[in-house]
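Chains, contacts and geometry: an overview
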Amino acid sequence: MTHPLALIALLPLLGFLLNGTFATAFGGKKFNNTVAALIACAMPIAAFALTVQTFFTLQSNGYAPIVEPLYRWALVGEHTFDISFYFDRLSAVMTLIVTGVGSVIHIYSTGYMHDDKSFGRFMAYLNLFLFFMLLLVLGRSMLLLFVGWEGVGLASYLLIGFWFDDLANAAAGRKAFITNRVGDAGFLIGMFLLYGAFGTLDMDTINSAFAVGPVTVVSASLVGFFLFVGATGKSAQIPLYVWLPDAMAGPTPVSALIHAATMVTAGVYLVARMSGVYMQAPDASQLMAVVGVLTAFMAATIALVQTDIKKVLAYSTVSQLGFMFVALGVGAYGVAIFHVVTHAFFKACLFLGAGSVIHALGGEQDIRKMGGLRKHIPITFWTFLVSTAAIAGIPGLAGFFSKDEILWFAFASEKGGAPWLWAMGALTAFMTAFYMTRLLWLTFFGASRMSHEVEHHVHESPLSMTGVLGVLAVLSAAGGYIGIPHFLEPQIPLPPVVEALEHYEHTLLYVSIAIAFAGVGLAVFMYSGPASRAASVAKAAGPVRVVLEGKYFVDELYAAVIVRPLAWVSEHVFFKVGDKLLIDGTLNGLAGLVQRSAGWLGRTQTGSLQFYALLVMVGMVGALLWSWRHV
């Protein structure tokens, strides 16, 4: 096959074009839901199969990167911009996750969205998102990566605001889109700096230039900082994390695709892909680790008090992304990608499990109105249990392996590890085990808090949904045995550890296990007994709980400091002064001048021949006088 990488990316685009044209109101809905579902699912599945085949080709070639030039995009002076695809160990892992997990989410969506009036449009959007995500992970140059980066931003806007009849959903889509544009400005500056220094945006070439030692033509820390600004937008880190919880307004499969397996990990992928830069940028790396651990901790504290089943998972996602950036900040790039993989498995299973719960309860998302569901929807329960145990860090499951690796390198890495990073991470891991067990217990255990009408209609989801949950639950259990860090090590070496700290590894492992079980045990103790037990703790928390329920009032702060001042400037300066006074005033003034001039000249049109003859005589006399004086 001549261009397998291009075909991997273009297959979902073909699905988007077919369904966008023939399965939507735009094309007269010539495809029914069954045909639209077949097309939408077949394309990512085919892309996944082709990715597996290409991976074996990569393996047979000794993992030498596959470079696939497609065509020349532009020629500017002596500089060329080519559309080229690049397939190495890192992009192989990411492409397998994007196409594999993306495929099962497409299958799940056929059941979850089956009765939606815009089913064809939804499936088309999913395919479009997958196309842009594949451009992002397969592009050789930062320019092509940026096209995919902006494309997933567009597709996520369409998917988050899919039910735009509700203005809150439309507002959530706009919030995600605008917040990410702030981060993208930083990404662009980083790109400009690199292009100005090296005359190319090919990431393998740039990494090679930094690999030989410190580069004098550009500051690695400055470039690393601006690229990290871009990553904070896409991967929802402080201060640009605020869009992700609101993005739960979209259909649940969107949450699983965007917020578990693909778009939110784009920032992590960018940093790992540009690891050559960050190896020479200790200041930017240290900043990344600090921001990551603070984000992980803060989001975990907010998740403790959330009552919306999807909001708990949303803040959990922000927290887990923080863990990934801790790993990146201490130089453990392969470990960060390992957590990307395991997180894709268990968080996709959790989001889709939440969707199955919502589907069973007719749209209810408040966990205070659930309880006792394990008997009604057993498949959903068991898969949710496995994925909850995985994210909690129970030994043997996927999340345990990747989380423990992150905590170890946060403690002992020579590239910025520190005991306080480990302590913050360990406390966050404890809270993760606690709030996820709380979510599990309030949803599936205890007495039913559902209304009689809702409980009477509770039912298990169809096979298209429960089958996917089963697959993801298996991966959540076994995904930690894949060994991603060691697979990536020939390309992205693991950081050395401080020799004096090596003997702490097993001790910290046991502490990590104890933390997981302590978090689970405390949640079971609080929520398995009388309701007054948890209520008394909540009452004792007092002001702390108010702050957590208010999500630290960050949205209110942004509204007061940024949104309302900008709205005032837009209204009173740009609109009233710039638009109405200057632009409209200038145009209206010119129109008024012409009107008044026309009115004055119109007075000469009297219809009197004598008056016209007088004007002619005046003109002739004037002309003669002018000629007499100047000729």
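Anyway, here's the lowdown on the structure attached to this text.

Calculation rules
- Residues numbered from 1 in each chain as written.
- Predicted model: local features only at pLDDT ≥ 70, side-chain atom pairs only at ≥ 80, totals over all residues.
- Heavy atoms only, no water.
- Helix = DSSP H or I, 4+ residues; strand = E, 2+ residues; numbered from the N terminus.
- Contact = heavy atoms within 4.5 Å.
- Areas by Shrake-Rupley, 256 points an atom, 1.4 Å probe, with all protein chains shown as cover.
- Lys, Arg positive; Asp, Glu negative; His and termini not counted.
- Charge placed at Lys NZ, Arg CZ, Asp CG, Glu CD.
- Buried < 20%, exposed > 50% of the residue type's maximum accessible area, 1.4 Å probe, protein only.
- Pairing = 2+ DSSP bridges.
- Polar contact = N/O pair within 3.5 Å; in protein donor to acceptor, adjacent residues only side chain to side chain.
- 1 Å grid on protein atoms, 1.4 Å probe; cavity = no way out; pocket = protein on both sides within 12 Å on 5 of 7 lines; lining within 4 Å.
- Points joined across faces, edges and corners; volume = space filled by probe spheres on them.
- Phe/Tyr/Trp six-rings, centres within 6.5 Å; stacked < 30°, edge-to-face > 60°.
- Core = buried A, V, L, I, M, F, W, Y, C linked by side-chain atoms within 4.5 Å.
- Salt bridge = Lys/Arg side-chain N within 4 Å of Asp/Glu carboxyl O.
- Nonpolar A, V, L, I, M, F, W, Y, C, P; charged D, E, K, R; others polar.
- Axes fitted to C-alpha atoms, helices over the stretch in contact; angles between N-to-C directions.
- Parallel < 35°, antiparallel > 145°, perpendicular 65-115°, else oblique.
- Left-handed = near helix turned anticlockwise from the far one by under 90°.

**Quick word on the overall build of the protein**
Secondary structure summary: the protein contains 26 helices and 2 strands in total. The long-range share in the protein, meaning contacts at least 24 apart out of those at least 6 apart in sequence, stands at 80%. Accessible surface computed for the protein: about 26500 Å², of which carbon and sulfur atoms make up 69%. Between the mean site of the 33 positive side-chain charges and the mean site of the 33 negative ones, the protein shows a separation of 10 Å.

**Let's talk about unusual backbone geometry**
In the segment running from Ile238 into Pro239, the intervening peptide bond is cis, with an omega of 10 degrees. By secondary structure assignment, the location of Pro239 is in the loop between α8 (220-234) and α9 (243-246). Of note, Ala236 is a non-glycine position whose phi angle comes to about 55 degrees, a positive value. Relative accessible area serves as the criterion here: at 0%, Ala236 is assigned to the buried category. Backbone geometry places Phe553, a non-glycine residue, at a positive phi of 55 degrees. Tracing the backbone shows Phe553 in the loop between α24 (543-549) and α25 (554-602). For Phe553, a relative accessible area of 38% gives the class partly exposed.

**Some details on the environment of Tyr315**
Locating Tyr315 in the fold gives a position in helix α14 (residues 309-329). Given the relative accessible area of 3%, Tyr315 is considered buried. With 35 residues separating them along the chain, Tyr315 and Leu350 place their C-alpha atoms 13 Å apart. Once residues within four sequence positions are removed from consideration, Tyr315 is found in contact with Pro245, Ala299, Ile302, Ala303, Gln306 and Lys551.

**Topic: the pairing of strand β1 (residues 66-76)**
Note that β1 and strand β2 (residues 79-87) share 9 bridges and pair antiparallel. If you follow Glu68 over to β2, its bridge partner there is Phe85. Two successive antiparallel strands, β1 and β2, enclose a turn made up of 2 residues, where Gly77 displays a positive phi of approximately 65 degrees.

**So, the side chain of Thr24**
Inspection of the secondary structure assignment puts Thr24 in the loop between α1 (4-22) and α2 (33-60). Of note is the side chain of Thr24, whose polar atom sits 2.8 Å from the backbone oxygen of Gly20. Beyond its immediate chain neighbours, meaning those up to four positions away, Thr24 contacts Asn19, Lys29, Gly120 and Arg121.

**Thoughts on the side chain of Asp88**
By the element assignment, Asp88 lies in the loop between β2 and α3 (89-112). Within polar-contact distance, the side chain of Asp88 engages the side chain of Arg273 at 2.7 Å. Discounting residues that sit within four places of it in the chain, Asp88 has contacts with Leu58, Pro65, Arg273 and Gln491.

**Considering the layout of surface pockets**
By volume, the largest pocket is sized at about 590 Å³. Considering the residues around the largest pocket, the lining is formed by 25 residues, among which Arg438, Met526, Tyr527, Ala534 and Arg545 are closest to the centre. Among the secondary structure elements, those contributing two or more residues to the lining of the largest pocket are α18 (419-444), α22 (505-528), α23 (531-541) and α24. Counting residues per element, the lining of the largest pocket draws most heavily on α23, which supplies 6 residues. Looking at the second largest pocket, it is lined by 16 residues, and the ones nearest its centre are Lys175, Ile178, Thr179, Tyr558 and Val563. Contributions of two or more residues to the lining of the second largest pocket are made by α6 (167-198) and α25.

**Some details on the packing of aromatic side chains**
Inspection of every chain in the model, using the stated rule, returns 28 aromatic pairs. With centroids separated by 5.2 Å and ring planes inclined at 45 degrees, the aromatic side chains of Phe22 and Phe31 adopt a geometry described as tilted. The partly exposed category is assigned to Phe22, whose relative accessible area is 31%. Accessibility expressed as a relative area gives 22% for Phe31, which makes it partly exposed. Taken together, a centroid distance of 6.3 Å and an interplanar angle of 50 degrees make the contact between Phe434 and Tyr527 tilted. Here Phe434, found in helix α18, pairs with Tyr527, found in helix α22; they are 93 residues apart in sequence, far enough to count as distant.

**Quick look at the nonpolar core**
Met142, Met274 and Ile337 are the most contacted members of the largest nonpolar core, which totals 203 residues. Of all the elements, helix α15 (residues 333-360) adds the most residues to this core, at 19 residues. In this structure Ile337 touches Leu90, Val93, Met94, Val268, Ala272, Ile484 and Leu488, once residues within four positions along its chain are discounted.

**Thoughts on the pattern of salt bridges**
Taken as a whole and judged by the stated rule, the model has 10 salt bridges. Ionic pairing is found between Asp165 and Lys117, a salt bridge with its closest N-O pair at 3.6 Å. Here the residue Asp165 occupies a position in the loop between α5 (142-160) and α6, and Lys117 occupies one in the loop between α3 and α4 (119-138), the gap between them amounting to 48 residues. Across the pair, Lys117 and Asp165 agree in class, each one exposed.

**Let's talk about empty space enclosed by the protein**
To find the voids left in a structure, one rolls a probe of water-molecule size over its atoms. All chains considered together, the criterion is met by 4 cavities of 30 Å³ or more. Space inside the largest cavity adds up to approximately 50 Å³. If you go around the largest cavity, the residues you meet are Val293, Ala296, Phe323, Val326, Ile406, Leu407, Ala410, Leu421, Met424, Gly425 and Thr428. Sorting the residues of the lining of the largest cavity by element identifies α13 (282-303), α14, α17 (398-412) and α18 as the ones contributing at least two each. Split into classes, the residues belonging to the lining of the largest cavity amount to 9 nonpolar, 2 polar and no charged.

**Quick look at the packing of helix α16 (residues 378-392) against helix α20 (residues 463-478)**
A pair of packed helices is captured by two measures, namely the crossing angle of their axes and the spacing between those axes. Axis separation between α16 and α20 bottoms out at 9 Å; the angle between their running directions is 25 degrees. As far as their axial angle goes, α20 and α16 are roughly parallel. The handedness of the crossing between α16 and α20 comes out as left-handed. Between α16, through Ile379, Thr380, Thr383, Val386, Ser387 and Ala390, and α20, the contact on the second element is made entirely by Thr466, Leu469, Gly470, Ala473, Ser476 and Ala477. Counted by class, the contact of α16 with α20 contains 6 nonpolar, 6 polar and no charged residues.

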